[in-house]
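Chain residues, written in single-letter form:
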Amino acid sequence: MPAIAIIGAQWGDEGKGKATDLLGSRVDYVVKFNGGNNAGHTVVVGDEKYALHLLPSGILTPGCTPVIGNGVVVDLAVLFHELEDLEARGVDTGRLRVSANAHVIADYNRTLDKVTERFLGSRRIGTTGRGIGPTYADKMNRIGIRIQDIFDEKILRQKVEGVLDLKAQVLTKIYNRRPATVDETVDELLAFADRLAPMVCDTGLLLNQALDRGETVLLEAGQATLLDVDHGTYPFVTSSSATSGGACTGSGIPPTRLGQVIGIVKAYTTRVGEGPFPTELHDDAGEHLRKVGAEYGTTTGRPRRCGWYDAVIARYAARVNGVTDFVLTKLDVLTGLERVPVCVAYDVDGTRHDEMPVNQSDFHHAVPIYEHLDGWWEDISGARTFEDLPANAQRYVEAVEAMSGARISAVGVGPSRAATVVRHELI
Ligand code: GDP
Ligand code: IMO
Ligand code: MG
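Residues numbered from 1 in each chain as written. Chains lettered and ligands numbered in written order. Predicted model: local features only at pLDDT ≥ 70, side-chain atom pairs only at ≥ 80, totals over all residues. Heavy atoms only, no water.

### Structural notes on the coordination of the magnesium ion (ligand 3)
And then number 1: Here the magnesium ion (ligand 3) is held by Asp 13 (OD) and Gly 40 (O), and the distances to it run 2.0 Å. Placement of Asp 13 in the loop between β1 (3–8) and α1 (16–24) and of Gly 40 in the loop between β2 (29–32) and β3 (41–45) is noted, with a sequence separation of 27 residues between them.
And then number 2: Using a relative accessible area of 21% as the deciding quantity, one classes Asp 13 as partly exposed.
And then number 3: The exposure class assigned to Gly 40 is buried, which follows from its relative accessible area of 13%. (Donors = N, O, S within 2.8 Å, 3.2 Å for Na, K, Ca; no water. Helix = DSSP H or I, 4+ residues; strand = E, 2+ residues; numbered from the N terminus. Buried < 20%, exposed > 50% of the residue type's maximum accessible area, 1.4 Å probe, protein only.)

Laid out in structure tokens, this is it:
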């Protein structure tokens, strides 16, 4: 059985958490391979609603082993806080495994994230302020602290001394901030060592052995294609690889073992933070999508920017990730519109672009070329088969499928697990 990746096809918050949870009962492992607690996945199970940040959504499925892969950056206080919250709600978290090679978010990086944003002013990224960017920068600079370092106090102290030498200069001299001392930083990290130790292992080995045994591994992305550090709208991106390539580097599962890539795409588009967004709506229609779709950030509570479906982006995501199946989410939010615009291409200074413009400034100026599809009024939240959907909703799905570069195998019609129309079995 090959590994399966779930990735976001837009700017995040497409409903990856719900999709992962939906498949959870059919997989043995769910792996988070990138990002950290900048992610926010809402999963609704029966009457219970869970907001997960650092933990893979598979943690909610009994019998499934959740794994935090080497590509993740871990805020240990957040990790244990989330685990305690879930345990208090009766969720068994005992199977969680954490990569020894994952990096740790230290206090100085949380501070640097926030002060850098303030320093950038109008050029800010609109980050979640969780220390994600500075921690990945340290990883690339080869001055990061890894999970395994926490189990060797001498090494940990050496590494913290080295990195704090540098960070203290930057924080005090540029930003006028007093960083935590070496002792404070080391003590903060060591405090988690005993609880962390039983969870830590070579997760790459664990997952490849599971695949050898014919077990199923699901790789769950945080963030999304357009937020990917290589393939996204740089510099308005996160600092990790959120695409299917990142699923391999962030887990230790080789590309030859990846058999399926499920792209999660919303029936319209949202974005949190700064950066270009061609189909963004600044009018009542945008407000309508925000209100009906409850588009407020799971992590920061910020109102999400809203716009129509963008097929150029979907095609791009299909190509970059090798999407085999799309899950089209939140179709129910479009109910009650006379006509539903869908962006099929861009006009950039009089030139038509059917693909993502190569230059970022062209993307900033891209004006959507819309096709207007007929809307529907019927409540679709109870639909469970494609035939249950009104004719115009079916046509919307088919039209979007034809322009998005991969088949739409499932359609979301509500937040709960059950509120899903399956057209082709996903696993
Ligand atoms: P993620 O970051 O990709 O996991 O997505 P989020 O959880 O941040 O945001 C998606 C939101 O939409 C959550 O509140 C989900 O409960 C909700 N949701 C997911 N699928 C559907 C759907 O098909 N219909 C509706 N109405 N809500 C959905
Ligand atoms: P999920 O997994 C939506 C955005 C931030 C900001 C940019 C960089 O729930 O889809 P960072 O703190 O990562 O350095 O911020 O990326 N961002 C997200 N937007 N969903 C997310 O995660 C996001 N994670 C980061 O708003 O614009
Ligand atoms: Mg989210």
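### So, the site of ligand 2
And then number 1: Neighbouring residues of ligand 2: 20 residues in total, closest Lys 16, Asn 38, Thr 128, Gln 223 and Thr 238.
And then number 2: Between Val 272 and ligand 2, the recorded distance is 3.1 Å, taken from a backbone N or O atom to an oxygen atom.
And then number 3: Along the lines of polarity and charge, the residues of the shell around ligand 2 split into six nonpolar, 11 polar and three charged. (Near = heavy atom within 4 Å. Polar contact = N/O pair within 3.5 Å; in protein donor to acceptor, adjacent residues only side chain to side chain. Nonpolar A, V, L, I, M, F, W, Y, C, P; charged D, E, K, R; others polar.)

### Some details on the pairing of strand β19 (residues 407–412)
And then number 1: Counting buried residues along β19, five of its six residues qualify, which places the element largely inside the surrounding structure.
And then number 2: Alignment of β19 against strand β20 (residues 420–422), held across three bridges, turns out to be antiparallel. In the strand pairing of β20, Val 411 is matched with Val 421. (Pairing = 2+ DSSP bridges.)

### Re the site of ligand 1
And then number 1: Surveying the vicinity of ligand 1 reveals 17 residues, the closest of which are Lys 16, Gly 40, His 41, Thr 42 and Asp 332.
And then number 2: Gly 40 places a polar main-chain atom, nitrogen or oxygen, 2.7 Å from an oxygen atom of ligand 1.
And then number 3: Arg 304 is positioned such that a nitrogen or oxygen atom in its side chain is 3.2 Å from an oxygen atom of ligand 1.
And then number 4: Against a free-state accessible area of 580 Å², the protein chains account for coverage of 92% of ligand 1.
And then number 5: Here the shell around ligand 1 gets three residues from one element, more than from any other, and that element is α1.
And then number 6: In terms of residue class, the shell around ligand 1 is built from two nonpolar, eight polar and seven charged.
And then number 7: Two domains share the shell around ligand 1, each providing at least three of its residues, namely domain 1 (3–99 + 198–262) and domain 3 (265–316 + 330–404 + 413–422). (Areas by Shrake-Rupley, 256 points an atom, 1.4 Å probe, with all protein chains shown as cover. Domains from an automatic or database assignment.)

### Focus: the packing of helix α3 (residues 107–120) against helix α5 (residues 153–174)
And then number 1: Packing of α3 against α5 leaves a shortest axis separation of 11 Å and a crossing angle of 30 degrees. Taken together, the axes of α3 and α5 are roughly parallel relative to one another. Relative to α5, α3 is oriented so that their crossing is left-handed. Of α5, the residues touching α3 (which contributes Tyr 108, Asn 109, Thr 111, Leu 112 and Val 115) are Val 163, Leu 164, Lys 167, Val 170 and Leu 171. (Axes fitted to C-alpha atoms, helices over the stretch in contact; angles between N-to-C directions. Parallel < 35°, antiparallel > 145°, perpendicular 65-115°, else oblique. Left-handed = near helix turned anticlockwise from the far one by under 90°. Contact = heavy atoms within 4.5 Å.)

### Brief notes about the domain arrangement of the protein chain
And then number 1: Its domain assignment divides the protein chain into domain 1 (3–99 + 198–262), domain 2 (103–194) and domain 3 (265–316 + 330–404 + 413–422).
And then number 2: Between domain 1 and domain 3, the C-alpha centre-to-centre distance is 25 Å.
And then number 3: Every contact between the two is made by 27 residues of domain 1 and, on the other side, 28 residues of domain 3.
And then number 4: The tally of links from domain 1 across to domain 3 stands at two salt bridges.
And then number 5: Along the contact surface separating domain 1 from domain 3 lie 16 residue pairs in polar contact (both at pLDDT 80 or more).
And then number 6: Where the side of domain 1 that touches domain 3 is concerned, the elements lending two or more residues are α1 and β3. (Salt bridge = Lys/Arg side-chain N within 4 Å of Asp/Glu carboxyl O.)

### Observations regarding the pairing of strand β10 (residues 217–220)
And then number 1: Judged by which residues are buried, β10 turns out to be covered on both faces: Val 217 and Leu 219 on one side and Leu 218 and Glu 220 on the other are all buried.
And then number 2: Judged from the three bridges that link them, β1 and β10 form a sheet pairing that is parallel. By the bridge assignment, Ile 6 is partnered in β10 with Glu 220.
And then number 3: Pairing analysis gives four bridges linking β2 to β10, with the strands arranged parallel. Residue pairing in the sheet places Tyr 29 in a bridge with Val 217 of β10.

### Looking at unusual backbone geometry
And then number 1: With an omega of 5 degrees, the peptide bond between Tyr 234 and Pro 235 qualifies as cis.
And then number 2: Position of Pro 235 among the secondary structure elements: in the loop between β10 and α9 (244–249).
And then number 3: Phi angles above zero are rare outside glycine, and Asp 13 is one such case at about 60 degrees.
And then number 4: Backbone geometry at Gln 223 places phi at a positive 55 degrees, although glycine is not the residue there.
And then number 5: For Gln 223, the position within the fold is in the loop between β10 and α9.

### Describing the sheet that holds strand β5 (residues 65–68)
And then number 1: One open sheet holds the 10 strands; their spatial order is β9-β7-β5-β2-β10-β1-β11-β15-β19-β20, and the pairing between them is mixed. Where the open sheet ends on each side, the last strands, each with one partner, are β9 (200–201) and β20.
And then number 2: Across five bridges, strand β11 (residues 258–266) lies against strand β15 (residues 325–329) in parallel orientation. Residue Val 265 lies in a different strand from β15, and its bridge partner there is Leu 328.
And then number 3: On top of the sheet, helix α13 (residues 391–404) reaches β15 and β19; it is set at about 140 degrees to β19, its chief contact.

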